[in-house]
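# Working through the structure, step by step
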Amino acid sequence: MSATTSRTPLAAPTEADAPLAVEATDVTLAYHQRPALWDVDLEVPRGVLMAIVGPNGAGKTTLLRTILGLLRPAAGRVRILGRPYRAQRHLVAYVPQRSSVDWDFPTTVRDVVAMGTYGQLGWIRRPGANERRRSLDALRQVGMEAYADRQISQLSGGQQQRVFLARALVQDAEVYLMDEPFQGVDATTERAIVSLLRTLRAAGKTVVAVHHDLQTVAEYFDWVTLLNVRRIAAGPVAEVFIEENLRETYGGRVSGIAGGHANGTSAKATP
């Protein structure tokens, strides 16, 4: 009689087993021997809208640029969906600060958006009919289709921001990194951006955005990371966006503090 060995079937992968959208571990980075980020951990689940919040000089943009591989940390590592950024760059879209862009460069709105397809095409192939169609569709989503042939320098600040959002959309990424997407835009554009972020979340995408307006954090985002060179707190807005954490983040310079959903009031940082 032969012996038989029974094996327990492997459990099917669960959502908890899926890699995080963004994971930074022990990230430290310095400029001229002055720490810009110190031992920062960041865990961003898939399918959330996360705000990175903190005072000026807290390292918010530095953290975003480190995630993108534009800055190399002195210590620590970053993973996008479980792998290094260079292996996942086709899954990441980036919206920089408007102030960092040369808006006088002679190009049209349509061409700027089509640049978002270069990562898929490579540098040899030129955008074709399919890419042009996708570019127009992205412009339609942000209400800028009628401006497709306009010079980018002829647009208002809010319109320029919408164009850069369209360029990110055409990439059809999984993770969207945005640096101050609401900065300097009008109320109409701000509402359009919020609607777009919610659409991305509904599609299972992840958005990580540097954000400065404490009064809108609980309204626009569901996760938040509070940063001041080091990570103060991170997690769901209702749990993390509270008076104690905000005071630690801003050195006590916070008035009218909201506990996110805890007490229903709004938070405002004072200079």
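Being a predicted model, the structure only gives us computed values, none of them experimental.

### Section: the overall build of the chain
When helices and strands are tallied, the chain shows 10 helices and 11 strands. A buried classification covers 46% of the 271 residues belonging to the chain. For the chain, the computed accessible surface area is about 14,300 Å², with 48% contributed by carbon and sulfur atoms.

### Some points on helix α10 (residues 243-250)
If you check which residues of α10 are buried, you get Asn245, Leu246, Thr249 and Tyr250. Here the buried residues of α10 occupy an arc of 115° about the axis, which is enough to place them on one side. Looking at the residues trailing α10, positive phi occurs at glycine 251, about 65°.

### Concerning the sheet that holds strand β6 (residues 175-179)
Strands sit in the order β5-β6-β7-β3-β8-β9 across an open sheet of six strands; the sheet is mixed. Strand pairing shows two members of the sheet lacking a second neighbour, β5 (92-95) and β9 (230-236), which therefore form its edges. Adjacent strand axes in the sheet meet at a mean angle of 15°, parallel and antiparallel pairs treated alike. Inspection of the sheet shows strand β3 (residues 49-53) paired to strand β7 (residues 206-210) by four bridges, in the parallel sense. Residue pairing across strands places isoleucine 52 opposite valine 210, the latter belonging to β7.

### A closer look at the side chain of glutamine 159
With respect to the secondary-structure elements, glutamine 159 resides in helix α6 (residues 157-169). Within the structure, glutamine 159 has its side chain in polar contact with the backbone nitrogen of serine 156 (distance 2.9 Å). Excluding residues within four positions of it along the chain, glutamine 159 makes contact with Met144 and Tyr147.

### Brief notes about the sheet that holds strand β1 (residues 22-31)
Strands pair in a sheet through their backbones, by hydrogen bonds, and they do so in one of two ways: parallel or antiparallel. The three strands lie next to each other as β2-β1-β4, forming an open sheet whose pairing is antiparallel. This sheet does not close on itself; its edge strands, each paired only once, are β2 (34-44) and β4 (75-80). Across the sheet, the axes of successive neighbouring strands diverge by a mean angle of 20°, strand direction being ignored. Pairing analysis gives seven bridges linking β1 to β2, with the strands arranged antiparallel.

### What to know about the environment of leucine 139
Relative to the helices and strands, leucine 139 is located in helix α5 (residues 129-141). Considered as a pair, leucine 139 and phenylalanine 164 are 25 residues apart in the sequence and their alpha carbons are 9.6 Å apart. Setting aside residues up to four positions removed in sequence, leucine 139 forms contacts with Val109, Val113, Met144, Glu145, Ala148 and Ala166.

### Digging into the confidence of the model for the chain
On average, the chain scores 84 in pLDDT, and the residues at 70 or more come to 82%. Every residue in residues 1-14 is under pLDDT 50, and counting partners more than four places away or in other chains gives zero contacts. The low-confidence segment residues 257-268 (pLDDT under 50) makes 40 contacts with residues lying over four places distant or belonging to another chain.

### Topic: the pattern of salt bridges
Per the stated rule, a full pass over the model turns up eight salt bridges. A salt bridge links aspartate 222 to arginine 201; the shortest N-O distance between them is 2.7 Å. On the criterion of sequence distance, the pair formed by aspartate 222 in the loop between α8 (217-220) and β8 (223-228) and arginine 201 in helix α7 (residues 187-202) is long-range, its members being 21 residues apart. Residue aspartate 222 is classed as partly exposed on the basis of its relative accessible area of 25%. Exposure remark for arginine 201: the relative accessible area of 29% places this residue in the partly exposed category. For arginine 230, the salt bridge goes to glutamate 248, with nearest N and O atoms at 2.9 Å. Of the two residues, arginine 230 sits in strand β9 while glutamate 248 sits in helix α10, which places them 18 residues apart along the sequence. On the basis of relative accessible area, arginine 230 is assigned to the partly exposed category, the value being 40%. Because the salt bridges share partners, they merge into one network encompassing Asp137, Arg140 and Glu145.

The rules behind these values
- Residues numbered from 1 in each chain as written.
- Predicted model: local features only at pLDDT ≥ 70, side-chain atom pairs only at ≥ 80, totals over all residues.
- Heavy atoms only, no water.
- Helix = DSSP H or I, 4+ residues; strand = E, 2+ residues; numbered from the N terminus.
- Buried < 20%, exposed > 50% of the residue type's maximum accessible area, 1.4 Å probe, protein only.
- Areas by Shrake-Rupley, 256 points an atom, 1.4 Å probe, with all protein chains shown as cover.
- Arc of directions from axis to C-beta.
- Pairing = 2+ DSSP bridges.
- Axes fitted to C-alpha atoms, helices over the stretch in contact; angles between N-to-C directions.
- Polar contact = N/O pair within 3.5 Å; in protein donor to acceptor, adjacent residues only side chain to side chain.
- Contact = heavy atoms within 4.5 Å.
- pLDDT = per-residue confidence, 0-100.
- Salt bridge = Lys/Arg side-chain N within 4 Å of Asp/Glu carboxyl O.

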